[in-house]
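Summary of the model geometry
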Amino acid sequence: MVGMISVQQVSMVLVAAGQSVTILDRISFIIPAQQSVAIVGPSGSGKSTLLGLMAGLDQPTSGAITLDGTDITTMTESRMAQFRREKIGYIFQSFHLIPTLTAVENVAVPLELNGEKRAGERAAELLSSVGLSDRMGHYPVQLSGGEQQRVAVARAFACRPPILLADEPTGNLDSATGAQVVELLLSLHRDHGTTLVLVTHDVALATSMQRVLALRDGRVESDTLPSSGETTDRPAHDTFINNPRYTAEHPTSELSSRFRS
């Protein structure tokens, strides 16, 4: 089976104080194009490490990761940077905006790196599309957390990548603002056919995705797909809500209630 994202027998082992620590242990899965996927699991299960490997931010100890038909585990750092600009939009929990650039300048950065002649105009259009037409000239410190994350989403989607990866995109936001950011990500997924993968601790937020991958101790504990003919979130939702161990580790937040109906 060919997918937009293919992870095959991926392991990540780090050495600390002379001892090997296994972060990911022979993980394999395939994500088809245009699917929305949540990666969940307790702290230390390897979620963010896995997402970073999928973005080419680090290389696995063993195994292969293929994005849109290209094996990224064998790429040089410079080639990976170029490939990432073309294929991947990455959204960090802590925004990672450049503090000395305005909102519109932050969004324009990947466009300029890609040689876009209308980088400024395109960046302004993107900020308008996320509801920040009146904040273009503001610096990150002058923006709220929700506004900074919307700038980050616009920047991630600036080059219209086929893959969007988000690491706890609502983790630093209040429930109302987090819901707005999630709806923005879902609208990009729906309107542009983007493959969306996000890491989250929120059970109901996770089950608003079409698929839920649960990690534990560096391995895939479960891989839940919606059943044919049923709503996309219900089968996965039932699986996690009825798992006392998982829900004890991931209490439902206020944000969750917005995705329950």
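Residues numbered from 1 in each chain as written. Predicted model: local features only at pLDDT ≥ 70, side-chain atom pairs only at ≥ 80, totals over all residues. Heavy atoms only, no water.

A short note on the sheet that holds strand β1 (residues 5–16)
- Taking strand neighbours across the sheet as the criterion, the 4 strands line up as β2-β1-β4-β5 in an open arrangement whose pairing is antiparallel. The open sheet has two free edges, formed respectively by β2 (19–31) and β5 (70–71), since each of these has just one partner strand.
- Where strand β4 (residues 62–67) meets β5, 2 bridges bridge the pair, whose relative direction is antiparallel. Counted as the bridge partner of Leu-67 is Thr-70 from β5. (Pairing = 2+ DSSP bridges. Helix = DSSP H or I, 4+ residues; strand = E, 2+ residues; numbered from the N terminus.)

Observations regarding the nonpolar core
- With 42 residues, the main nonpolar core has Val-107, Leu-127, Val-151, Val-153, Leu-164 and Leu-185 as its most contacted residues.
- For this core, the leading source of residues is helix α6 (residues 175–192), giving 6 residues.
- Those residues in contact with Leu-164 that sit more than four places away from it in its chain are Gly-89, Ala-156, Phe-157, Leu-185, Leu-188, Thr-194, Thr-195, Leu-196 and Val-197.
- Counting 31 residues, the second-largest nonpolar core is a separate cluster that includes Leu-24, Leu-51, Ala-55 and Val-197. (Core = buried A, V, L, I, M, F, W, Y, C linked by side-chain atoms within 4.5 Å. Buried < 20%, exposed > 50% of the residue type's maximum accessible area, 1.4 Å probe, protein only. Contact = heavy atoms within 4.5 Å.)

Digging into the sheet that holds strand β9 (residues 211–216)
- What the 6 strands build is an open sheet, ordered β6-β7-β8-β3-β9-β10; its pairing is mixed. The two strands at the open ends of the sheet, each matched to only one other strand, are β6 (88–91) and β10 (219–224). Strand after strand, the sheet turns through a mean of 15 degrees between neighbouring axes, direction not considered.
- Pairing of strand β3 (residues 36–40) with β9, which is carried by 4 bridges, proceeds in the parallel orientation. Among the inter-strand pairings, Val-40 is bridged to a residue of β9, identified as Ala-214.
- Here helix α5 (residues 145–156) sits on the sheet and contacts β6 and β7 (163–167); the angle it forms with β6, its principal contact strand, is near 165 degrees. (Axes fitted to C-alpha atoms, helices over the stretch in contact; angles between N-to-C directions.)

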